[in-house]
Amino acid sequence: MLKSQVLVGGRGKAGGIQRADSDRAVKKLATELLQSNIKGYQTECLLIEQMLEIADELYCGITVDRNRGLPVLMLSSGGGIE
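All values reported here derive from a predicted model rather than from experimental measurement.

### Some thoughts on the sheet that holds strand β5 (residues 46–48)
Right, so step 1: Reading across from one edge, β2-β1-β5 is the order of the 3 strands in this open sheet, with antiparallel pairing throughout. With one partner strand each, in any of the chains shown, β2 (17–18) and β5 form the two edges of the open sheet.
Right, so step 2: Relative to β2, strand β1 (residues 2–4) runs antiparallel, the two sharing 2 bridges. Bridge pairing in β2 links Leu2 to Gln18.
Right, so step 3: Its contacts with the sheet put helix α1 (residues 23–34) on β1, β2 and β5, and the angle it makes with β1 is roughly 5°.

### Overview of the pairing of strand β7 (residues 70–76)
Looking down a regular strand, the side chains alternate between one sheet face and the other.
Right, so step 1: As paired elements, strand β6 (residues 59–65) and β7 share 7 bridges and run antiparallel to each other. Bridged to Asp65 within β7 is Leu70.
Right, so step 2: As consecutive antiparallel partners, β6 and β7 are separated by 4 residues, and within that stretch Gly69 has a phi angle of approximately 70°, a positive value.

### So, the environment of Ile48
Right, so step 1: Residue position: Ile48 is located in strand β5.
Right, so step 2: Each C-alpha atom, one on Ile48 and one on Met1, is 5.6 Å from the other, the two residues being 47 residues apart in sequence.
Right, so step 3: In contact with Ile48, other than residues within four places in its own chain, are Met1, Leu2 and Val26.

### As for α1
Right, so step 1: Taking 1.5 Å per residue, 12 residues should reach 16 Å; α1 reaches 16 Å between its end C-alpha atoms and fits that length.
Right, so step 2: When α1 is considered as a whole, its buried residues turn out to be Leu29, Ala30 and Leu33. Down the axis, α1 shows its buried residues gathered within 105° of arc, on one side only. Of the exposed residues in α1, those oriented more than 90 degrees away from the buried face are Arg24, Lys27 and Lys28.

Reading the values: the criteria
For every chain, the first residue of the written sequence is number 1, and numbering continues from 1 along that sequence. Owing to the predicted nature of the model, reporting of local features is limited to residues with pLDDT of at least 70; listing and counting of side-chain atom pairs is limited to 80 or more, with chain, interface and lining totals taken over all residues. Excluding hydrogens and water, the side-chain figures rest on all heavy atoms present in the structure. Should DSSP find at least two bridges between two strands, the strands are regarded as paired. By the criteria applied, helices consist of DSSP H or I runs no shorter than four residues and strands consist of E runs no shorter than two, each listed in order from the N terminus. Contacts are assigned to residue pairs with any non-hydrogen atoms lying within 4.5 Å of each other. For helices, the fitted line uses only the C-alpha atoms of the stretch in contact; every axis is such a line through C-alpha atoms, and the angle between N-to-C directions lies from 0 to 180 degrees. Working rule for helices: expected span equals 1.5 Å times residues minus one. Classification of residues uses two cut-offs on accessible area relative to the type maximum, computed with a 1.4 Å probe and protein chains only: under 20% is buried, over 50% is exposed, and between them is partly exposed. Picture the helix axis, draw a direction to every C-beta atom, and the arc is the one those directions span.

Here's what the structure looks like:
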């Protein structure tokens, strides 16, 4: 799996996450992704990792409560693309 590292949501739907089935495909997709823009953000680096079978997914996010000046941790079994 090749994942564009950009600071924007929706990179998968925008084509910023690709599956490669061979070394040749990794090289081709990496070249294409590093020349791409995802929602106006230039892809400057990639995360390349082995695809794994997933039993369960959890989604985690951290943001800042600006009124309190404290971090807020959110964990959910639902999330991701939609």
